[in-house]
Amino acid sequence: MEQYYYNHMNKAQKAAYHSILSGVKNLADEFQIPALEGEELYNVFSDASGSSGDILGEQL
């Protein structure tokens, strides 16, 4: 992810971003993220999966 987008996330969005990346990287069965609105979560997930193509691609 471009640093620009990450720098514009609030604390909850950044926490969700890191939880998603960590959960995927560690092949966690589940992981917790802060409560976010639907569109907000979608955007964070999209950013996480876009920035971690190498991580997500390795798991396929």
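Look up: the structure comes first, before these words.
Residues numbered from 1 in each chain as written. Predicted model: local features only at pLDDT ≥ 70, side-chain atom pairs only at ≥ 80, totals over all residues. Heavy atoms only, no water.

## Things to note about the overall build of the protein
For step 1, the next point in the chain: Scanning the protein from terminus to terminus reveals four helices and zero strands.
For step 2, the next point in the chain: Of all 60 residues assigned to the protein, the portion counted as buried reaches 22%.
For step 3, the next point in the chain: Looking at the protein alone, contacts between residues at least 24 apart form 51% of all its contacts between residues at least 6 apart.
For step 4, the next point in the chain: Element-wise, carbon and sulfur atoms account for 50% of the exposed surface of the protein, whose accessible area totals about 4,500 Å². (Helix = DSSP H or I, 4+ residues; strand = E, 2+ residues; numbered from the N terminus. Buried < 20%, exposed > 50% of the residue type's maximum accessible area, 1.4 Å probe, protein only. Contact = heavy atoms within 4.5 Å. Areas by Shrake-Rupley, 256 points an atom, 1.4 Å probe, with all protein chains shown as cover.)

## What to know about the environment of Glu30
For step 1, the next point in the chain: With respect to the secondary-structure elements, Glu30 resides in the loop between helix H2 (11-25) and helix H3 (38-51).
For step 2, the next point in the chain: When the C-alpha atoms of Glu30 and Ile20 are compared, they prove to be 9.6 Å apart, with ten residues separating the residues in sequence.

## Notes on the nonpolar core
For step 1, the next point in the chain: Within the largest apolar cluster, nine residues are counted, these being Tyr6, Met9, Ala16, Tyr17, Ile20, Leu21, Leu36, Val44 and Ala48.
For step 2, the next point in the chain: Elements with a contribution of two residues or more to this core: H2 and H3.
For step 3, the next point in the chain: The residues touching Ile20, leaving out its near neighbours within four places in the chain, are Phe31, Ile33, Val44, Phe45 and Ala48. (Core = buried A, V, L, I, M, F, W, Y, C linked by side-chain atoms within 4.5 Å.)

## Some words on a nonpolar patch on the surface
For step 1, the next point in the chain: Among the surface-exposed residues, Phe31, Ile33 and Leu41 lie close enough to one another that they form a single nonpolar patch of about 220 Å² accessible area.
For step 2, the next point in the chain: The topology assignment puts Ile33 in the loop between H2 and H3.
For step 3, the next point in the chain: Note on Ile33: relative accessible area 32%, which makes it partly exposed. (Patch = residues over 30% accessible without salt bridge, like charges linked within 9 Å, V, L, I, M, F, W, Y side chains within 5 Å. Salt bridge = Lys/Arg side-chain N within 4 Å of Asp/Glu carboxyl O.)

Any functional reading would require information beyond the geometric quantities listed.
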